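A look at the structure
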Amino acid sequence: WQMKNFNENDSSHTEEDEEVHSSMEMTTDNNLSAFSGGDIWTTDAFAFEGSPLKDLLESQNYSLVDLLAQDELLQELRGCLPVLVEYFGKPEVVAGLVECLVCEVPKSRDEWIKDEEERRRKAKER
């Protein structure tokens, strides 16, 4: 099948040709026009509703332990999510990460959370 070039001034085209041509015209009023101002990743095109990590961040009530427990944390850090970059750039958070790496693992998660809360309380007192 060969597509016939459509020229409005050409008298050899039929009404059927006009219908086919008009149905094939592209419009600029479509969902892809939202991507014209930047790349696809900076839009909400692939935003997932109900993301546990984003819900936690929006609550503004979280700890290092809460964030480290999130499955999508690494992906969002790689994407340089500003809230996470700011949070993980704080000296006390970096100290908490280092402590996670070099300290003995507590017997339970609850014990670790208790120790983390105690460490934070002492850090605020200084």
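Structure: above.
Our subject in this report is the structure included herewith. (Residues numbered from 1 in each chain as written. Predicted model: local features only at pLDDT ≥ 70, side-chain atom pairs only at ≥ 80, totals over all residues. Heavy atoms only, no water.)

**Some words on a nonpolar patch on the surface**
On the surface, a nonpolar cluster with roughly 400 Å² of combined accessible area is contributed by Val94, Val98, Leu101 and Val102. Tracing the chain through its elements places Leu101 in helix α6 (residues 91–102). A relative accessible area of 75% places Leu101 in the exposed class. (Patch = residues over 30% accessible without salt bridge, like charges linked within 9 Å, V, L, I, M, F, W, Y side chains within 5 Å. Areas by Shrake-Rupley, 256 points an atom, 1.4 Å probe, with all protein chains shown as cover. Salt bridge = Lys/Arg side-chain N within 4 Å of Asp/Glu carboxyl O. Helix = DSSP H or I, 4+ residues; strand = E, 2+ residues; numbered from the N terminus. Buried < 20%, exposed > 50% of the residue type's maximum accessible area, 1.4 Å probe, protein only.)

**A short note on the pattern of salt bridges**
Enumeration over the complete set of coordinates arrives at 5 salt bridges. Between Arg119 and Glu116 there is a salt bridge, with the nearest N and O atoms lying 2.7 Å from each other. You can see Arg119 and its partner Glu116 sitting in helix α7 (residues 109–125), 3 residues apart, about one turn around the helix. Judged by relative accessible area, Glu116 falls into the buried class, the value being 5%. Across the salt bridge formed by Glu118 and Arg121, the nearest N and O atoms sit 2.3 Å from each other. Residue Glu118 and its partner Arg121 are both found in helix α7; the two are separated by 3 residues, about one turn of the helix. Its relative accessible area of 32% is what places Glu118 among the partly exposed residues. For Arg121, a relative accessible area of 40% gives the class partly exposed. Among the charged side chains, a salt-bridge network with shared partners connects Glu99, Glu116, Arg119 and Arg120.

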